[in-house]
Amino acid sequence: MINVESQLIGFYSGVAHGVDAYGSVPEDRPEAFITVERTGGSADRFIDHAQIAVQVWARSRAKASALAYDARRSAEQLRNKPWCANVVCGSLYNFPDPDSHHARYQFTLDIDVMVN
């Protein structure tokens, strides 16, 4: 079975946003980064219907917003991956971290992953 979180972390670390992606917030926070978290979904014998939260963090709200729009737009490239049957991008919204006051934007992905 494909681990969609791992695939997305690799994908977002590999696209030309100049930031790395992680499964959780790194202890030593970079200036900007992306976190990927599976938040739910369902599965059958053929397709894993994954719901994913993608959070884009940066030192300023403007930078977080710009990176988030780029990250959401690049999600369309996931359709070219052999494990991805479909991807739907959800709404993008301001979601500042209340603890660190780090600027953060979030959007969701609904991804249909082919089950091997």
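Calculation rules
- Residues numbered from 1 in each chain as written.
- Predicted model: local features only at pLDDT ≥ 70, side-chain atom pairs only at ≥ 80, totals over all residues.
- Heavy atoms only, no water.
- Helix = DSSP H or I, 4+ residues; strand = E, 2+ residues; numbered from the N terminus.
- Rg over C-alpha atoms; globule rule 2.2 N^0.38 Å.
- Buried < 20%, exposed > 50% of the residue type's maximum accessible area, 1.4 Å probe, protein only.
- Areas by Shrake-Rupley, 256 points an atom, 1.4 Å probe, with all protein chains shown as cover.
- Salt bridge = Lys/Arg side-chain N within 4 Å of Asp/Glu carboxyl O.
- pLDDT = per-residue confidence, 0-100.
- Expected span 1.5 Å × (residues − 1).
- Contact = heavy atoms within 4.5 Å.
- Pairing = 2+ DSSP bridges.

1. So, the overall build of the protein chain
Okay, so step 1: Counting its regular elements, the protein chain contains 2 helices and 6 strands.
Okay, so step 2: The order of α-helices and β-strands along the protein chain, N terminus first, is α-β-β-β-α-β-β-β.
Okay, so step 3: Whereas a compact globule of 116 residues would reach a radius of gyration of roughly 13 Å, the protein chain reaches 14 Å, a difference of no more than 12%.
Okay, so step 4: C-alpha atoms of the protein chain, sized along the principal axes, occupy 40 × 25 × 25 Å.
Okay, so step 5: Out of the 116 residues in the protein chain, the part that is buried amounts to 41%.
Okay, so step 6: Counting every atom, the protein chain has about 6300 Å² of accessible surface; 48% of that belongs to carbon and sulfur.

2. A look at the pattern of salt bridges
Okay, so step 1: Per the counting criterion, the structure on display carries 5 salt bridges.
Okay, so step 2: Between Arg73 and Asp70 there is a salt bridge, with the nearest N and O atoms lying 2.6 Å from each other. Taken together, the positions of Arg73 and Asp70, both in helix α2 (residues 61-74) and 3 residues apart, correspond to about one turn of that helix.
Okay, so step 3: For Asp70, a relative accessible area of 31% corresponds to the partly exposed category.

3. As for the confidence of the model for the protein chain
Regions with low pLDDT carry predicted coordinates that are not meant to be interpreted in detail.
Okay, so step 1: Here the protein chain shows a mean pLDDT of 95. Residues at 70 or above account for 99%.
Okay, so step 2: By mean pLDDT, helix α1 (residues 4-14) is the weakest element of the protein chain at 95, and strand β5 (residues 93-94) is the strongest at 98.

4. As for α2
Note that an α-helix has 3.6 residues per turn; residues three or four places apart therefore point the same way.
Okay, so step 1: Between the first and last C-alpha of α2 there are 20 Å, a value that for 14 residues agrees with the 20 Å anticipated at 1.5 Å per step.
Okay, so step 2: Taken together, the buried positions of α2 are Ala64, Ser65, Leu67, Ala68, Ala71 and Ser74.
Okay, so step 3: On its buried face, α2 is in contact with α1, β2 (32-43), β3 (47-58) and β6 (103-114).

5. Remarks on the pairing of β3
Each regular strand shows side chains that alternate between the opposite faces of the sheet.
Okay, so step 1: With respect to burial, β3 is a largely interior element, 10 of its 12 residues being buried.
Okay, so step 2: Here β2 runs beside β3; their pairing, made up of 11 bridges, is antiparallel. Its bridge partner lying in β3, Gly41 is registered against Ala50.
Okay, so step 3: The turn linking β2 back onto β3 is made up of 3 residues.
Okay, so step 4: Judged from the 12 bridges that link them, β3 and β6 form a sheet pairing that is antiparallel.

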